[in-house]
Amino acid sequence: MKFRNRAGAILAVATLLAIGLVTTEALAFRMIQNTGVGRFSAGAAVPCNSAGGFTHWTTANIPFRHNTANQGSGKGTALAAAASSWTGVSGANHNVTIAGTTTTGFSTNGINTLLWANGNGCTGSCLAITALVLASGQRITETDVSFNNAVTWTTNGNNYDTQAVATHELGHCLGIHHTNLTGTSPRPTMYAYYFGSGGRSLESDDRSALQCAQNRYPISAALMASRSAEAPLLGAEGATVALSARPRVGGAVLRFALAEGADIQLQVYDVAGRLITTLVNGYRPAGEHEVAWDGSSSTGPMPSGVYFARMRTQAQEARATVILAE
Ligand SMILES: [Zn+2]
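Nothing here was measured: the structure is a model prediction, and the numbers come from that model.

## A short note on the sheet that holds strand β12 (residues 262-269)
- Pairing is antiparallel in the open sheet, where four strands are placed in the order β13-β12-β17-β18. Each edge of the open sheet is held by one strand with a lone partner, namely β13 (275-284) and β18 (317-324). Going from strand to strand, the sheet's axes swing by 15 degrees on average, the running direction of each strand aside.

Here's what the structure looks like:
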């Protein structure tokens, strides 16, 4: 949600003064955490490595449809530009598109809809509101954005700039909460308050948020087979490889299964995508295998937290989240 009112601006300044020292961190994006099942427009703001995880997509293709009623007319180019900003984030496979128009509204119907309306929980100083439809495991299965039709929407940079607010709301649609960064220039689009057409562009804080989602909940690129929604930590549906991990004191145990013998590579990465260690690099026979990771890299022990494991054969790939316990 995005607010425009002066009370909001005062609140933002007060927050800056109160936590000024904390905001010196380079990246301060937050993700939306909500373990409920159903339709929501709220969630906790958590960091990338939150033990409780966060809302995320499990498919690369995220097509939206544009309802041109009310002030939606003439906004297609602005919406397409907002979508392509997120699609263009390197290191993330989310393919956000405007796939056409629709007459559907702000309702759970399997269509990701962008529309203009009075209501839908967004009136007064609210500029736009996003709803996420969540399945178990914080999987986003649908999302809708309602722009407040009671204010004036433009495409020329004047208030209120459609592309800037759409870019922000599409960030919410991807599971990204408001950034904790305040007072920086240029501001991330996920800043909580409207700041003009500067919100059209993504900053490193915004891009890092989507890269965090990709690293923690890997999705294959759009051209590859889409991941099975029922087994988000395994490979693509019908895969003949599988990988899982469970924590143990001082490390983690990774378990993998092969339908047939293969040369495999099993590696551990951190949340930023950096290679930490290679656990297996060679032939393994068909069947189930277990490998212990002692929590160390080539340069020494790693801090406890969230890591990712990736197993590759020549034809397939499987990934799992690894919790490195104390
Ligand atoms: Zn917002």
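## With respect to the pairing of β13
- Of all 10 residues in β13, one are buried; the element is thus mostly exposed.
- Inspection of the sheet shows β12 paired to β13 by eight bridges, in the antiparallel sense. When the bridges of β13 are listed, V268 appears paired with T277.
- Counted along the chain from β12 to the antiparallel partner β13, the turn is five residues long, and its residue G273 has a positive phi close to 90 degrees.

## Some thoughts on the nonpolar core
- With 55 residues, the main nonpolar core has A83, V165, L170, L174, I176, A209 and L210 as its most contacted residues.
- Looking at this core, the element that brings in the most residues is strand β8 (residues 126-135), giving seven residues.
- Membership of the second largest hydrophobic core comes to 18 residues, among which are A252, L266, A309 and L324.

## Remarks on the pairing of strand β6 (residues 95-101)
- With six bridges connecting them, strand β5 (residues 61-66) and β6 associate as parallel partners. Within β6, the residue paired with F64 across the bridge is I98.
- In this fold, β5 hands off to helix α2 (residues 76-87), which returns the chain to β6; that crossover is right-handed.

## Quick look at the environment of E203
- With respect to the secondary-structure elements, E203 resides in the loop between α3 (162-173) and α4 (204-216).
- Given 21 C-beta atoms within a 10 Å radius, E203 is considered buried.
- If we skip the residues at most four places from it in the chain, E203 touches P186 and P188.

## Things to note about α4
- Compared with the 18 Å implied by 1.5 Å per residue over 13 residues, the 18 Å span of α4 between its first and last C-alpha is a close match.
- Most of α4 sits inside the fold, with 11 of its 13 residues counted as buried.
- Residues of α4 that are buried include every one of D205, D206, R207, S208, A209, L210, Q211, C212, A213, Q214 and N215, and no others.
- Close packing links the buried residues of α4 with β2 (31-33), α2, α3 and β17 (305-312).

## Points about the packing of α2 against α3
- With their axes 8 Å apart at the nearest point, α2 and α3 run at an angle of 40 degrees to one another. Regarding the angle of α2 to α3, the classification is oblique. Here α2 runs over α3; the crossing is right-handed. On α3, the residues touching A78, L79, A81, A82, A83, S85 and W86 of α2 are T162, Q163, A166, T167 and L170.
- Here the contact of α2 with α3 is composed, by residue class, of eight nonpolar, four polar and no charged.

The rules behind these values
Residues numbered from 1 in each chain as written. Predicted model: local features only at pLDDT ≥ 70, side-chain atom pairs only at ≥ 80, totals over all residues. Pairing = 2+ DSSP bridges. Helix = DSSP H or I, 4+ residues; strand = E, 2+ residues; numbered from the N terminus. Axes fitted to C-alpha atoms, helices over the stretch in contact; angles between N-to-C directions. Buried ≥ 20, exposed ≤ 12 C-beta atoms within 10 Å, placed from the backbone. Core = buried A, V, L, I, M, F, W, Y, C linked by C-beta atoms within 7 Å. Right-handed = clockwise from strand over helix to strand, strands pointing away. Contact = placed C-beta atoms within 7 Å. Expected span 1.5 Å × (residues − 1). Parallel < 35°, antiparallel > 145°, perpendicular 65-115°, else oblique. Left-handed = near helix turned anticlockwise from the far one by under 90°. Nonpolar A, V, L, I, M, F, W, Y, C, P; charged D, E, K, R; others polar.

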